[in-house]
Amino acid sequence: MPVRHFLTLMDLSPAELETLIRRAIELKQKHYDGEIFEPLKNKTLAMVFEKSSTRTRVSFEAGMAQLGGHAMFLSPRDTQLGRGEPLEDTARVLSRMADCVIIRTYEHDKIERFAFESRVPVINALTDLYHPCQLLADVQTFVEHRGEVRGATVTYIGDGNNMCHSYINAARQFDFNLRLGCPQDYAPDADILAAAGERVQLFHDPMEAAQGAHWIATDVWASMGQEEEQAKRREAFQDFQVNEEMLAVADSEALFMHCLPAHRGEEVSAGVMDSAQSVVWDEAENRLHAQKALLEFLLS
């Protein structure tokens, strides 16, 4: 059987993704019920991190433990990657020792090169181009709170970054309508946007993008590695804050999501972040259960 990887949402079929969401909800309930469920007993997950993260590391490490397996955290300081070993050589070695590898890095081509040489599944835990694991958690959260996501109107406000690209892919795979509100010079990749066709609309007026939305999401204005652009981005994004005025033009029961960490007073107001419509803590928790479903799918 060929090895299955999860580098973007497009690596699974829509039916497989819907099954993953249902399974994530089931695994969450098993955990709440205190049921011991260890389908990955004696399996090992290698976690390669070139970019640091709280939620990604804890969710994968805890998730692997809950499934009966073991996770190893590997930073550049802990591996030969930090000493100049070719990425392909690391892939050849790690995939002979571990049962699955997650990678959190910068350039997307790194994870593609690694996966090409890997004998075991490789999961994208974030690159500069995509963040597919976050979208599994986001979709799970919407389904838990509102039911069917197919046909919903979803609005993403902010930078045309890896989160935006994964929202575009999610619209294609989960069949919802996506409205993007991005500043003029911060639109998503043109090819990724074009591939979604009429399912995705791009606006440079954030209030227009938010009209009637059932779900509004945003991200920080300057991601890791963009700190030197902070002042420039703050000026460009000053009208793109998700606030009470924006929620007022969305659907009356619209949900607010954020991949975290959030900067209250910048991309989201404190009032929205801490409102009853905000489901960011459920969303963060669901990283754990959605990734457990993904690990089970790839390894069982």
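Residues numbered from 1 in each chain as written. Predicted model: local features only at pLDDT ≥ 70, side-chain atom pairs only at ≥ 80, totals over all residues. Heavy atoms only, no water.

Examining the sheet that holds strand S4 (residues 122–126)
Pairing within the open sheet is parallel, and its four strands lie in the order S2-S1-S3-S4. Here the strands that pair on one side only, and so sit at the sheet edges, are strand S2 (70–74) and S4. Recorded for the sheet is a direction-independent mean angle of 20 degrees between the axes of neighbouring strands. In this structure, strand S1 (residues 44–49) lies alongside strand S3 (residues 100–104), joined through five bridges in parallel fashion. (Pairing = 2+ DSSP bridges. Helix = DSSP H or I, 4+ residues; strand = E, 2+ residues; numbered from the N terminus. Axes fitted to C-alpha atoms, helices over the stretch in contact; angles between N-to-C directions.)

Regarding the packing of aromatic side chains
Taken as a whole, this structure holds eight aromatic pairs when the rule is applied. Ring geometry for Tyr167 and Trp215: centres 5.8 Å apart, planes at 70 degrees, overall edge-to-face. Note that Tyr167 is positioned in helix H6 (residues 162–174) and Trp215 in strand S8 (residues 215–218), a separation of 48 residues in sequence. Judged by its relative accessible area of 1%, Tyr167 falls in the buried class. Aromatic side chains Tyr186 and Phe237 sit 4.9 Å apart centroid to centroid with 55 degrees between the ring planes, which places their arrangement in the tilted category. Placement of the pair is Tyr186 in the loop between strand S6 (177–181) and helix H7 (190–195) and Phe237 in the loop between helix H9 (230–236) and helix H10 (244–249), with a sequence separation of 51 residues. Within the aromatic cluster, the residues linked to one another by ring pairs are Phe142, Tyr156, Tyr167, Phe176 and Trp215. Sitting above the plane of the Phe37 ring, Lys30 keeps its charged end 4.9 Å from the centroid. For the cation-ring pair, Arg57 lies above Phe73, with the distance from its terminal atom to the ring centre recorded as 3.8 Å. (Phe/Tyr/Trp six-rings, centres within 6.5 Å; stacked < 30°, edge-to-face > 60°. Buried < 20%, exposed > 50% of the residue type's maximum accessible area, 1.4 Å probe, protein only. Lys NZ or Arg CZ within 6 Å of the ring centre and 35° of its normal.)

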